[in-house]
Amino acid sequence: MRNCDFSSEVIESELATHGVYASVTKGTSMYPLFKTNRDVIIVKPLVSELKKYDVALYRSILGAYTLHRVIAVRDNEYVIRGDNTYKKEYVAKDRVIAVLTEFNRDGKKHTVNDFSYRLYSRIWNFIYPIRFLFVKAKAIIARIFKRGSQGNK
């Protein structure tokens, strides 16, 4: 989920001044957890190292902000991937500026400590290989049918 609507000064100023930043979600990389313009995320500055399954707000080398899930912790970096993406990202620990603490959907508050959220994050990560194979198979089938339909013209 990329958020390019706000400058780094706004996000980092809110975090520094108020200790919290809230934003409506944008993008599809964290679907099905978040839908564009439906959910509000609340992030807070890091107080300790992230753990597997945490959702990090980090600044890319180009300055864009991205909210993705930690799938592994290494000495100097986090391995991160969006819930709806299939490519790992390697993010230096000093580029992470905040962590998801809660989100609001349809007027209801959910925290990252809720049992249902923790279960979702673990199951969604566990079934990644199946989801990845399904997406790859779907792409191959689409290419085969596209080739076949072009030959019939």
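Here the structure is a predicted model, which is why all the values come from computation and not from measurement.

(A) Inspection of the pairing of strand β5 (residues 65-73) at higher detail. Of all nine residues making up β5, seven are buried, and the element is well covered by its neighbours. Hairpin geometry of strand β4 (residues 55-59) and β5 is characterised by an intervening segment of five residues between the two adjacent antiparallel strands and by a positive phi of about 100° at glycine 63. By the bridge criterion, four bridges tie β5 to strand β6 (residues 77-81) in an arrangement that is antiparallel. Note on β6: the bridge partner recorded for arginine 69 is arginine 81. In sequence, β5 turns back onto β6 through a hairpin of three residues.

(B) Structural view of empty space enclosed by the protein. Taken as a whole and assessed by the stated rule, the structure comprises two cavities of 30 Å³ or more. In this model, the second largest cavity occupies a volume close to 50 Å³. Around the second largest cavity, the lining residues are Arg69, Ile71, Arg81, Gly82, Asp83, Thr85, Trp124, Asn125 and Arg131. Taken together, the elements giving at least two residues each to the lining of the second largest cavity come down to β5 and α2 (115-126).

(C) Just the side chain of arginine 95, in detail. Position of arginine 95 relative to the elements: it lies in the loop between β7 (89-92) and β8 (96-105). As a buried residue without a salt bridge, arginine 95 has its nearest oppositely charged side chain in aspartate 94, at a separation of 6.0 Å. Within the structure, the side chain of arginine 95 is placed 2.9 Å from the backbone oxygen of arginine 59, a separation counted as a polar contact. Contact partners of arginine 95, with chain neighbours within four places excluded, come to Leu57, Tyr58, Arg59, Ser60, Ile61 and Tyr90.

(D) Broad picture of the layout of surface pockets. Put simply, the largest pocket is a space of about 350 Å³. The wall of the largest pocket is formed by 21 residues, among which Lys51, Asp54, Val99, Leu100 and Val112 lie closest to the centre. Looking at the lining of the largest pocket, the elements with two or more residues in it are β3 (39-45), β8 and α2. For the lining of the largest pocket, a count of residues per class yields 10 nonpolar, four polar and seven charged.

Reading guide: rules and limits
- Residues numbered from 1 in each chain as written.
- Predicted model: local features only at pLDDT ≥ 70, side-chain atom pairs only at ≥ 80, totals over all residues.
- Heavy atoms only, no water.
- Buried < 20%, exposed > 50% of the residue type's maximum accessible area, 1.4 Å probe, protein only.
- Helix = DSSP H or I, 4+ residues; strand = E, 2+ residues; numbered from the N terminus.
- Pairing = 2+ DSSP bridges.
- 1 Å grid on protein atoms, 1.4 Å probe; cavity = no way out; pocket = protein on both sides within 12 Å on 5 of 7 lines; lining within 4 Å.
- Points joined across faces, edges and corners; volume = space filled by probe spheres on them.
- Lys, Arg positive; Asp, Glu negative; His and termini not counted.
- Salt bridge = Lys/Arg side-chain N within 4 Å of Asp/Glu carboxyl O.
- Polar contact = N/O pair within 3.5 Å; in protein donor to acceptor, adjacent residues only side chain to side chain.
- Contact = heavy atoms within 4.5 Å.
- Nonpolar A, V, L, I, M, F, W, Y, C, P; charged D, E, K, R; others polar.

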